[in-house]
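Listed below are the residues making up each chain.
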Amino acid sequence: WQIEHARLKGLFDLSPIGIALNDFDSGNFIEINDALHKPAGYLKDEFCKLSYWDLTPPEYEEQEAIQLESLKTKGRYGPYEKEYIRKNGSRYPVRLNGIMIKDHKGKQYIWSIVEDISQQRAAEKQLARQQQLLEEMSHQARIGAWELNLEKQRLIWSPITKKIHEVSQKFIPEPDQFLQYYKSGNNQIALEGAVKKCIDTGTPWDLELQLITAKGNTVWVATKGSAEFKDGKCVRLFGSLQDINDRKQAEQVLSNTYKELINAKEAAEAADKAKSDFLATMSHEIRTPMNGVLGMLSLLEKTQLDSSQTRRLSIAKSSAQTLLVLINEILDFSKVDAGKLDLEIIDFDLRSMLGDFSESMAMRAHEKNIELILDVSGVEQSMVRGDPGRLRQIFTNLVGNAIKFTQKGEILIRCKLEQKLDKLQLNAWVEDTGIGIPSDKLDMLFDPFTQIDASTTRRYGGTGLGLAISKKLCQKMAGDISVTSIPNQGSQFYFHIQLEPSQHSKVVLPKSDINNVKILVVDDNQTNRHVLKDQLLLWGARVSETDNGVEALQLCQKAASAGTPYDIAILDMTMPEMDGAELGTRIKGDPELQSIHLVMMTSMGHRGDAKFFSDLGFSAYFPKPVTTDDLFTALAVLFHNEPSPDQEQPILTRHITRSMKTETPRAPQEPVSRWPQHTNILLVEDNAINLEVTKMMLCDLDLTADTAENGLEALKKLKEAENSTPYTLILMDCQMPEMDGYTATREIRQGSAGEIHGKVPIIAMTANAMKGDKEACLECGMNDYISKPVDPEELEAKLIQWLIPNSPSKIQIQ
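Scope of this entry: the structure provided in the associated data block. All residue numbers refer to positions counted from 1 along the written sequence of the respective chain. Residues qualify for local features only when their pLDDT is at least 70, as the model is predicted, and side-chain atom pairs are given and counted only at 80 or more; totals for whole chains, interfaces and linings, by contrast, use all residues. Heavy atoms from the whole structure form the basis of all side-chain values; hydrogens and water molecules are not counted.

## Structural notes on the sheet that holds strand β8 (residues 205–212)
In step 1: Think of it this way: DSSP has to see at least two bridges between two strands before they count as a pair. A run of H or I in DSSP becomes a helix once it reaches four residues, and a run of E becomes a strand once it reaches two; helices and strands are each numbered from the N terminus. Taken together, five strands build an open sheet; the order of strands is β7-β6-β10-β9-β8 and the sheet is antiparallel. Two strands close off the open sheet at either side, each with one partner strand: β7 (154–157) and β8. On average, adjacent strands in this sheet sit at an angle of 25 degrees to one another, irrespective of strand direction.
In step 2: Pairing of strand β6 (residues 143–149) with β7, which is carried by four bridges, proceeds in the antiparallel orientation. Across the sheet, residue Trp146 finds its bridge partner in β7, namely Trp157.
In step 3: Note on contacts: a residue pair qualifies if any of its non-hydrogen atoms lie within 4.5 Å across the two residues. What counts as an axis is a line fitted to C-alpha atoms, over the stretch in contact for a helix, and the angles between N-to-C directions run from 0 to 180 degrees. Of the strands in this sheet, β8, β9 (218–230) and β10 (233–243) are in contact with helix α8 (residues 186–201), which crosses β8 at around 145 degrees.

Okay, structure coming up:
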């Protein structure tokens with residue numbers, strides 16, 4: 001008995017369903033298991049102090065009375081469902097079953113099974129919600145169901161299926177009506193064939209067909225069907241039917257719209273091609289005569305002219321170059337506007353590019369007595385990847401405008417390079433002290449063909465395209481441009497573009513260690529002084545500054561007396577009261593200051609400056625704006641490159657004989673013998689003026705050329721010369737009648753001009769300036785590319801590159 005009691009007790013305690021023993025008269029709990037008290041949130045001892053009336057909400061009292069009456073009369077109650085009250089006051093659903101028992105004294109008890117049905121109710125609610133959602137979706141999507149019982153010959157349609165067929169909901173379809181609503185012809189044939197195949201093989205169908213409703217309307221439907229087999233025989237077909245009439249109509253509209261879009265796209269592409277062809281033609285037609293004008297002027301410039309003729313020639317050449325700049329701006333804007341401008345992503349030295357650019361603009365600034373200052377202290381990486389030509393174009397537009405609209409003061413070019421995830425962002429500022437821009441004109445400043453007013457256009461000239469092109473270029477390089485300005489005080493243009501890191505990049509530092517080298521910067525221009533100081537500080541030098549010669553002398557004397565003399569003094573030439581030359585003379589004239597190495601900064605360099613400053617005791621000089629290369633060169637001549645045996649770092653050289661950056665006069669023209677003995681050039685050009693100009697340029701280089709007016713004539717001459725005097729280089733125009741340069745080049749490469757000419761160097765000469773021109777030249781087999789108007793120096797460089805074996809500049813273009 002004890003074993004049996006223990007077994008029953010274990011089952012009672014471990015049961016997953018709540019079990020309770022209650023006193024019938026009081027309702028008090030006498031025995032419970034864990035599955036009963038845990039869902040209610042009570043501890044077992046707490047639960048046993050309750051009666052079932054404590055757990056039952058008041059609204060269930062009437063139902064409870066009925067169940068208790070059943071116990072009295074039938075000895076059992078349930079199953080019935082009600083709610084229990086948890087300890088926290090919340091409710092949960094339960095299902096109860098119970099029986100009446102009596103002890104040996106006749107006392108009545110209730111054994112109850114109490115099942116927590118919370119999860120079941122939640123699942124039922126979820127199922128009900130899903131069923132409701134499914135019905136709503138079916139209604140909205142107009143998807144109905146159908147069933148054809150082949151054994152009982154009974155066809156069943158769901159309410160949506162009846163609605164699609166436009167019959168009443170009371171309508172009972174007959175089996176032979178399964179196919180009759182479908183339009184005769186291909187629709188009926190397709191469905192009959194699909195049904196037969198499904199019955200025979202079990203292959204389901206999925207078709208989009210038209211049916212005719214009971215009201216005579218034609219409706220597109222998607223019908224799907226499957227088969228059920230029993231003992232190898234098809235006994236039932238079932239599936240769905242969806243109204244897709246709206247979709248079919250929408251598809252028809254979309255199809256028509258798509259056709260319209262295709263037509264519009266083709267028209268736009270045709271217009272775009274026409275625009276591109278027009279730009280290419282205009283480029284060719286404009287640049288071709290410009291080549292003749294500038295070429296002839298360049299040749300005329302080399303002849304013997306008197307002063308009056310030289311002046312007139314200079315004016316004509318300047319006007320022609322100005323015209324070319326305007327033409328280039330208009331063509332450039334047209335290319336950007338037509339989406340024909342591509343970027344050339346290459347590795348380039350950003351600091352060197354900015355230095356070269358600043359030096360090229362210095363003359364124009366100097367002519368107006370404007371200080372041009374370059375600050376690249378924020379560019380610590382040498383090499384980057386991007387399009388240096390387009391970047392230079394942006395700077396040219398901004399700095400050119402700054403020079404144009406500034407009458408006095410200075411122009412500052414400031415750059416900073418920042419890491420942005422895996423990219424680099426170049427931030428650049430061009431600040432001037434010019435006429436400024438009214439605030440109400442700033443918004444229109446980057447609009448094409450716009451200047452701030454008509455009088456500005458008349459006074460300063462220009463197309464008004466430079467800033468518009470610059471903005472387009474910045475946006476093309478994932479950046480933008482903006483401006484702030486105060487009238488009569490100046491303007492600040494800011495732009496940023498995205499560049500890519502270069503694998504060849506390294507931190508920019510002078511070759512000589514200048515840590516703790518003591519340097520004095522003397523310049524009356526505060527901006528230039530601060531820029532130079534900040535750069536030297538970044539490289540580790542100890543820098544002092546002053547804006548005049550008197551204070552500079554005092555600083556030098558004070559430092560010498562304290563035993564910490566300056567190692568280097570960088571002096572500006574043009575300063576009030578005491579210029580740089582006088583200051584340098586007085587420093588070198590003081591015995592205590594003679595160890596200071598002097599570096600001169602001048603507004604512009606002139607022939608003879610090197611000797612002049614050297615005689616005054618200067619160790620180096622450079623013209624403004626100060627570039628990184630200038631500083632590197634100056635520091636290089638002031639320092640040993642290698643440390644002495646007893647020192648770890650290079651030291652300042654105290655005894656420099658003369659290591660000045662002197663001017664090197666241009667070497668005289670090399671004799672004819674510099675060209676290979678059997679040089680034989682073929683010039684292919686259809687324009688008579690350009691033909692004559694190019695021949696004269698070649699003549700100035702002591703070269704002659706045979707000529708051809710088009711590709712066909714060129715092939716003929718090449719073939720005739722194959723066995724006598726083969727050509728060693730071809731200058732090939734691209735656009736010519738009868739046969740253009742591209743076709744002629746392909747024919748030459750394919751052997752049409754003889755085997756010996758199959759690999760002859762071909763240099764393209766093109767007046768086009770459109771996207772892909774260079775690529776088109778190289779793709780057809782040309783080796784190199786010269787843009788018209790042809791620059792004599794560029795032509796000479798190309799000829800040296802391709803005619804002289806082992807030329808340092810010879811680079812094979814792939």
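## Focus: the packing of helix α11 (residues 350–367) against helix α12 (residues 388–404)
In step 1: Running from N to C, α11 and α12 cross one another at 30 degrees; their axes reach a closest spacing of 11 Å. As far as their axial angle goes, α12 and α11 are roughly parallel. Read as a crossing pair, α11 and α12 show a hand that is right-handed. Across from Leu350, Met353, Leu354, Asp356, Phe357, Ser360, Met361, Arg364 and Ala365 in α11, the residues of α12 making contact are Leu391, Arg392, Phe395, Thr396, Val399, Gly400 and Ile403.
In step 2: Considered class by class, the residues forming the contact of α11 with α12 number 10 nonpolar, three polar and three charged. In this scheme, roughly parallel covers angles under 35 degrees and roughly antiparallel covers those over 145, while 65 to 115 is roughly perpendicular and the rest are oblique. Crossing handedness is defined as follows: a turn of the near helix away from the far one that is anticlockwise and smaller than a right angle gives a left-handed crossing, while the clockwise case is right-handed. Under the scheme applied, nonpolar residues are Ala, Val, Leu, Ile, Met, Phe, Trp, Tyr, Cys and Pro; charged residues are Asp, Glu, Lys and Arg; polar residues are all the others, including Gly.

## Brief notes about helix α22 (residues 741–749)
Because each turn of an α-helix spans 3.6 residues, side chains separated by three or four positions in sequence point in the same direction.
In step 1: The set of residues buried in α22 consists of Gly741, Tyr742, Ala744, Thr745 and Ile748. One face of α22 carries all of its buried residues, which in axial projection span an arc of 165 degrees.
In step 2: Remark: Gly751 follows α22 within two positions and exhibits a positive phi of approximately 100 degrees. Note on classification: 1.4 Å probe, protein chains only; a residue is buried when its accessible area is under 20% of the maximum for its type, exposed when over 50%, partly exposed between these limits. Our arc is simply the arc of the directions from the helix axis toward the C-beta atoms.

## Observations concerning the packing of aromatic side chains
In step 1: Only the six-membered ring of Trp is used, alongside the rings of Phe and Tyr, when aromatic pairs are assigned; centres must lie within 6.5 Å, and planes under 30 degrees apart are stacked while those over 60 apart are edge-to-face, with the rest tilted. In the structure shown here, the tally under the stated rule is 17 aromatic pairs.
In step 2: On the basis of an interplanar angle of 35 degrees and a centroid distance of 5.2 Å, the ring pair of Trp539 and Phe632 is categorised as tilted. Residue Trp539 is located in the loop between α15 (526–538) and β19 (542–546), and its partner Phe632 is located in helix α19 (residues 628–638); the two are separated by 93 residues in the primary sequence.
In step 3: A residue is classified by how much of its surface remains accessible, and Phe632, at 23% relative accessible area, is partly exposed.
In step 4: Through pairs of rings, three or more aromatic residues link up here, namely Phe612, Phe613, Phe618 and Tyr621.
In step 5: Over a ring means this: the NZ of a Lys or the CZ of an Arg is within 6 Å of the ring centre and within 35 degrees of the ring normal. Above the face of the Tyr109 ring, Lys107 is positioned so that its terminal group lies 5.9 Å from the ring centre.

Geometry only, nothing functional implied.
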